[in-house]
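Next come the chains, spelled out residue by residue.
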Amino acid sequence: MAGFHALRNTYRPLSSRTIAEFWNRYYFYFKELMVDFFFYPVFLNFFKTRKKLRIAVATFAAAGFGNAFYHFIRDLKYIAELGLWRALASYHVYIFYCTVLATAITISQMRKRSPAPSGVFRARVVPAFCVVLFYCLLHVFDYTERDYPITEHFRFLAHLFNLTI
């Protein structure tokens, strides 16, 4: 690369201490696409006097709306088959996923950071475990197909914890 340090698509995502940091490392180039097309335009144009609201709305624009919009537009075949409104209604599982993801990233960005605890277990293992657990549970809803309603995804999540509904 002629001396340039090019980033890989993912760079050590499991060493992340927060959900926002994980999202910045996981699938890096898609995140950069969302930041360039959704986060920056909203961040630079709205709520200039209210810093936290500005970051929250911009994060929802990128991780929530931008993510859902990208995946909805990517699958135009459903719009052709079902029509716009039925295709949008059948997309409810992924919209839920994007909403929860954007909420978690926003909360992760807004939280006050305490100094990193001492010790490898509390400083690295516990935060990484919590982030990975969150993404594993949320991944149940990371589903862009239109085959199953959201109730089936919740039933599957309950079965993972041996809770029968």
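Above this text you will find the structure in question.
Residues numbered from 1 in each chain as written. Predicted model: local features only at pLDDT ≥ 70, side-chain atom pairs only at ≥ 80, totals over all residues. Heavy atoms only, no water.

(A) Focus on the state of the cysteines. For the structure on display, the rule yields zero disulfides. Cysteine Cys130 remains unbridged, with the sulfur of Cys136 as its closest cysteine sulfur at 12 Å. Among the residues examined, Cys136 registers a relative accessible area of 48% and is labelled partly exposed. (Disulfide = S-S within 2.5 Å. Buried < 20%, exposed > 50% of the residue type's maximum accessible area, 1.4 Å probe, protein only.)

(B) Geometry of the pattern of salt bridges. Tallying each qualifying case throughout the model produces four salt bridges. We note a salt bridge from Lys31 to Glu32, for which the minimum N-O separation is 2.5 Å. Judged by its relative accessible area of 8%, Lys31 falls in the buried class. By relative accessible area, Glu32 is classed as partly exposed at 25%. As a salt-bridge pair, Asp75 and Arg74 come within 3.3 Å of each other at their nearest N and O atoms. For Asp75, a relative accessible area of 11% corresponds to the buried category. (Salt bridge = Lys/Arg side-chain N within 4 Å of Asp/Glu carboxyl O.)

Remember, this is a structural readout, not a statement about activity or role.
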